[in-house]
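This is what each chain is made of:
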Amino acid sequence: MKYDLMHPRDQLVNIMNRIYHGGMTTLSGGNLSIKDENGDIWITPAAVDKGKLSPQDIMCVCEDGRIEGPHRPSSEYPFHRAIYAQRPDLQAIVHAHPPALVSFSIAREIPDTSIIPQAQRVCGPVGYAPYALTGSEQLGANIAATFADGYNVVLLENHGIATGGNSLLEAFQRLETLDFCARTLMQAKGLGQVNTLTKEQLAPFDARKNELPEFAPTNHSSRERELRQQLVDIVHRAYARQLMISTEGVASTRVDERSFLITPTGLDRRNLGVEDLVLIQDGQREQGKLSSRSVRLHQAIYKQHPDVHCVILAQSPSAMAFAISSSHFDTRTIPESYILLRQIPRIPHGKQYTAPGELATAVSLQTPVLLIENDCILAVGQNILQTFDRLEVAEYSARALIDTATIGPLVPIGGEDIAALEKAFNLT
Ligand SMILES: [Zn+2]
């Protein structure tokens, strides 16, 4: 799906559906707008069910002041207008009240995006706008003044969040990424000390030189085409299950001993197509496509482990709560967790840049899941479904562990019972 070729009405409905069905707004809360090249502002209507919006419901506040459409424009239109007046570079604004970001907004604390490099990069610094009456000119002035300082993401005191972007998708991705940070931080705080990255630790993310030389494939085998569809399906599923967000998560699968397929860098995971996947063959990438920045790590894993056929890197919030805190992820919770995850080593942050070979050595079918501190959870498997299952079990196990704290401490499966599991399932 190419948003830039869609009419603003269709983009607004599509993104509102993603926000509503992603649990980031209620039926009545939240509003989005797009500023057209001629100065018209397309905006979601007031008092219309956000779960059942159609393109005909979208309002247009024209450059000359006329209002077109069957409803009233959103009651928060004044602050959209005020932001566009201060920031002519912005083409779209997203506003919502996602529960996790509301928690930060009512505690009057800005979520720290330096928990993982990608979040920091997508959101940039987060601004803060003081409270004012909803729909008032004063609220508009407060929010616009913060955007005028150069922020693209602004937390609204006792209200919610507003983000801007060069496109509606970019503004949405900033909202979604900050919401991910908020959810992850809240879970991690329950586990103890939260670790964040310094400027020096964040720097290598963009500095990484990982573009492989190009080659032009002469044909695509049926096996490769089959795997393209499977890999795209699993990324969409990971998105739907909130194991990935639009800006985070990488999956790859081996095609044969010389080649593998990997997801591209920078594309919306929700709308990834089979044509977006990048074929890597003999250390070269398919012409005209940019593979994930972690391609060398995948390459090293496939090289060292002929029995590994799939690698997934993800940032699911509960597993990431362990990756950004110093708490131990104990897998001796239920048999399913121990059998699928085994013991999960922690890899110090930075190794993913400096020593992909070392990481490849740390992972195997016997140790199939790693936590890379302040970066991701990494899972490998014999096929795409098994690897995805590990990711899902890791997320569910992490969530259960975090939630258990409100009931009582974990009582792990005992040593003898673990030994019996290892024997019964041939885990050693
Ligand atoms: Zn609001």
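Residues numbered from 1 in each chain as written. Predicted model: local features only at pLDDT ≥ 70, side-chain atom pairs only at ≥ 80, totals over all residues. Heavy atoms only, no water.

## Quick look at the sheet that holds strand β10 (residues 250-256)
Ordered by their spatial adjacency, 9 strands build an open sheet running β9-β13-β12-β11-β10-β14-β17-β16-β15, and the pairing between neighbours is mixed. Only two strands of the sheet have a single neighbouring strand rather than two, namely β9 (214-215) and β15 (346-347). On the sheet, helix α9 (residues 222-240) packs against β10, β11 (259-262), β12 (278-281) and β13 (284-286) and is oriented at approximately 165° with respect to β10. (Pairing = 2+ DSSP bridges. Helix = DSSP H or I, 4+ residues; strand = E, 2+ residues; numbered from the N terminus. Contact = heavy atoms within 4.5 Å. Axes fitted to C-alpha atoms, helices over the stretch in contact; angles between N-to-C directions.)

## Quick word on the layout of surface pockets
As a volume, the largest pocket reaches approximately 770 Å³. The wall of the largest pocket is formed by 36 residues, among which Tyr3, Ser167, Leu169, Glu170 and Gln173 lie closest to the centre. Among the secondary structure elements, those contributing two or more residues to the lining of the largest pocket are α1 (8-21), β1 (31-35), α4 (117-123) and α6 (168-191). The dominant element in the lining of the largest pocket, judged by the number of residues it contributes, is α6, at 5 residues. Taken as a whole, the second largest pocket holds about 310 Å³ of empty space. (1 Å grid on protein atoms, 1.4 Å probe; cavity = no way out; pocket = protein on both sides within 12 Å on 5 of 7 lines; lining within 4 Å. Points joined across faces, edges and corners; volume = space filled by probe spheres on them.)

## Some words on the coordination of the zinc ion
In the first shell of the zinc ion, the protein supplies Glu76 (OE), His95 (NE2), His97 (NE2) and His159 (NE2), at 2.0 to 2.4 Å from the metal. Geometry at the zinc ion is irregular, judged from its 4 donor atoms and the angles of 82 to 157° they form at the metal. Each donor residue of the zinc ion lies on one chain, and together they are spaced E-x18-H-x1-H-x61-H. In this pair, Glu76 is assigned in the loop between β4 (67-68) and α2 (77-86) and His95 in strand β5 (residues 92-96), connecting sequence segments 19 residues apart. On the basis of relative accessibility, which here comes to 5%, the residue Glu76 falls in the buried class. (Donors = N, O, S within 2.8 Å, 3.2 Å for Na, K, Ca; no water. Tetrahedral: all angles 85-135°; square planar, octahedral: opposite > 155°, others 65-115°. Buried < 20%, exposed > 50% of the residue type's maximum accessible area, 1.4 Å probe, protein only.)

## Some thoughts on unusual backbone geometry
Of note, Asn158 is a non-glycine position whose phi angle comes to about 45°, a positive value. Within the secondary structure, Asn158 is located in the loop between β7 (153-156) and β8 (160-165). Classification of Asn158 by relative accessible area gives partly exposed; the value is 33%. Even without being glycine, Asn426 reaches a positive phi, approximately 55°. By the secondary structure assignment, Asn426 is in the segment after α16 (415-424). Residue classification places Asn426 among the exposed positions, given a relative accessible area of 66%.

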